Amino acid sequence: MSILEYNGGACLAMVGKGCVAVASDLRFGAQATTIATNMPKVHRINDKCFVGLAGLTSDNQTILNKILFRTKLYSLREEREIKPSVLSNLISTMLYEKRFGPYYVEPLVCGLEGPEDKPFISAMDLIGAPLLAEDFVLIGSTVTEALFGICESLYRPNLEPEELFEIISQCLLAGVDRDALSGWGAVVHIITKDKVVSRTLRGRQD
Amino acid sequence: MGESDYSFSLTTFSPSGKLIQIEYALSRVGKGDTSLAVKAKNGVVLATEKKVHSLVDETSVQKISYITNNIAVTYSGMAPDSRVLIRKGRKKAQKYFRTYHDPIPVAQLVKELAGVMQEFTQSGGVRPFGVSLLIAGYDDQGPQLYQVDPSGSYWAWKASAIGKNTVNAKTFLEKRYKEDMELEDAIHNAILTLKEGFEGEMNENNIEIGIIGEDRKFRTLTPSQVKDYLGELE
């Protein structure tokens, strides 16, 4: 088993009309054992920028702390909040610095940026190769096939925030149901220019 | 103990609280050719004297240098010292871009360069830089102009002058500055101010003008463009 599959976990982001949605499952486990069922994988950097981390939990925590360190210093020095696209490049650089001894994380960045609050999503592999998509991105090496399938089928562009919430919830819950190492509920954040709405979903508790 | 007894050491304060070496560095700046800059509401202009010996090929001398596409710098004082700072500034700007894939904000670049200049006032075996810099740029915060001194202090200015003619030039600029000045007016005022303190005849070969507008691309005017502006003065 690959080290990236040890803890399981899944995270998904989708672009809607003037909004982005990001969701993750809540399971934290060590191979077959489930240790906790209240561990979300999505973290807020600022009101318009969220980071999702899948992969080895230990490295997720380390990299999250490093990201928070860098973004807080950025806000202090530059007197402005970091944009999602800039954060994506920052994380990419941070990961590539460890090219020959990498962090076993798969990050996902999403948010709104610019004066028009344009949606931005991106995902990376463990050494920082970025993937910029217009529709959706997903991370979590144990669920990729399942999630890709259902997202391709259910996703359509220009969904309003409420519709996007329905679509992303259905996709994530159905996808993690196919994976033994992810699930136990989900948390979904819908990010619009005025607010972030967060909801916790109860899925199959297995 | 007089002040001069402390002037040998950069890293020792004098009794009155000064670092005399920095004062001396400022004197060196005060002997340099005048440079000035004016910030307009839609851009910034840098203007500088370019006095060289008649046998020097003046097209090879560049007093206004680019740090990035949208940030440029001019100096008064020792040219070799300015080159070191420009080189460091360029590297820092690229390093920033390498990490963030976002162009460095003017204020950040200024802080970095000022930090470098400050390091050379608190280390052993070095001397302060013998230049003051005028840094002009246009980023998301709009047009900006900064001055950095050998001590590492920096200020944001609406218009400033450094070098030989700093006092008179600043007085002149103060009278003519308006908050909502357009870039063309700023260029006009910059050239007039430069002419005020110019010893000898000013022409398109012994001054250098650089401008940045809303397109955020810095460009140095060619001698023929400078000549056109000079013609408008008459």
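Each remark here, short or long, concerns the structure printed above.
Below is a short write-up of the structure. (Residues numbered from 1 in each chain as written. Chains lettered and ligands numbered in written order. Predicted model: local features only at pLDDT ≥ 70, side-chain atom pairs only at ≥ 80, totals over all residues. Heavy atoms only, no water.)

Nonpolar side chains collect at one region of the surface, where Met1, Ile3, Tyr6 and Tyr104 of chain A lie side by side and expose about 380 Å² of accessible area between them. Residue position: Ile3 of chain A is located in the segment before strand E1 (11-15). (Patch = residues over 30% accessible without salt bridge, like charges linked within 9 Å, V, L, I, M, F, W, Y side chains within 5 Å. Areas by Shrake-Rupley, 256 points an atom, 1.4 Å probe, with all protein chains shown as cover. Salt bridge = Lys/Arg side-chain N within 4 Å of Asp/Glu carboxyl O. Helix = DSSP H or I, 4+ residues; strand = E, 2+ residues; numbered from the N terminus.)

For the rest of this paragraph, the subject is the packing of helix H2 (residues 79-100) of chain B against helix H3 (residues 106-119) of chain B. Residues and elements named next belong to chain B. Interhelical geometry of H2 versus H3 gives an angle of 135 degrees and a closest axis separation of 10 Å. In terms of axis orientation, H2 runs oblique to H3. Note that H2 runs across H3; the crossing there is right-handed. Here H2 contributes Leu85, Lys88, Gly89, Lys92 and Ala93 to the contact with H3, which in turn contributes Leu109, Glu112, Leu113, Val116 and Met117. Considering only residue class, the contact of H2 with H3 consists of six nonpolar, one polar and three charged. (Axes fitted to C-alpha atoms, helices over the stretch in contact; angles between N-to-C directions. Parallel < 35°, antiparallel > 145°, perpendicular 65-115°, else oblique. Left-handed = near helix turned anticlockwise from the far one by under 90°. Contact = heavy atoms within 4.5 Å. Nonpolar A, V, L, I, M, F, W, Y, C, P; charged D, E, K, R; others polar.)

This part covers the interface of chain B and chain A. Each partner contributes residues to the interface: chain B has 10 residues there, and chain A has 12 residues. When the two sides are added together, the surface that chain B and chain A hide from each other amounts to roughly 960 Å², 41% of it contributed by carbon and sulfur. It is Thr99, Tyr100 and Asp102 of chain B that lose the most area in chain B upon contact with chain A, and together they represent 51% of the buried surface on that side. Across the pair Arg80 of chain A and Asp102 of chain B runs a salt bridge whose closest N-O atoms are separated by 3.8 Å. For the pair chain B and chain A, the number of links is five residue pairs in polar contact (both at pLDDT 80 or more). Counting only elements with at least two residues in the side of chain B that touches chain A, the list comes to H2 and H3 of chain B. Sorting elements by how many residues they give to the side of chain B that touches chain A places H2 of chain B first, with four residues. Across the side of chain B that touches chain A, the residue classes break down as three nonpolar, three polar and four charged. (Buried area = accessible area lost by both parts, 1.4 Å probe. Polar contact = N/O pair within 3.5 Å; in protein donor to acceptor, adjacent residues only side chain to side chain.)

The next thing to look at is the packing of helix H2 (residues 84-96) of chain A against H2 of chain B. Following both chains from N to C, one finds H2 of chain A and H2 of chain B inclined at 95 degrees, their axes separated by 6 Å at the closest point. The angle between the axes of H2 of chain A and H2 of chain B places the two elements in the roughly perpendicular class. Contacts from Val86, Asn89, Leu90 and Thr93 of chain A in H2 of chain A reach Arg98, Thr99 and Tyr100 of chain B in H2 of chain B. Counted by class, the contact of H2 of chain A with H2 of chain B contains three nonpolar, three polar and one charged residues.

Residue and element names in this part refer to chain A. Strand order in this open sheet of five strands is E10-E1-E2-E11-E12, and the pairing throughout is antiparallel. Of all the strands in the sheet, just strand E10 (136-139) and strand E12 (196-201) have a single pairing partner and so form its edges. Geometrically, the sheet is characterised by an average inter-axis angle of 10 degrees between neighbouring strands, direction not taken into account. The pairing of strand E11 (residues 186-192) with E12 spans six bridges and is antiparallel. (Pairing = 2+ DSSP bridges.)

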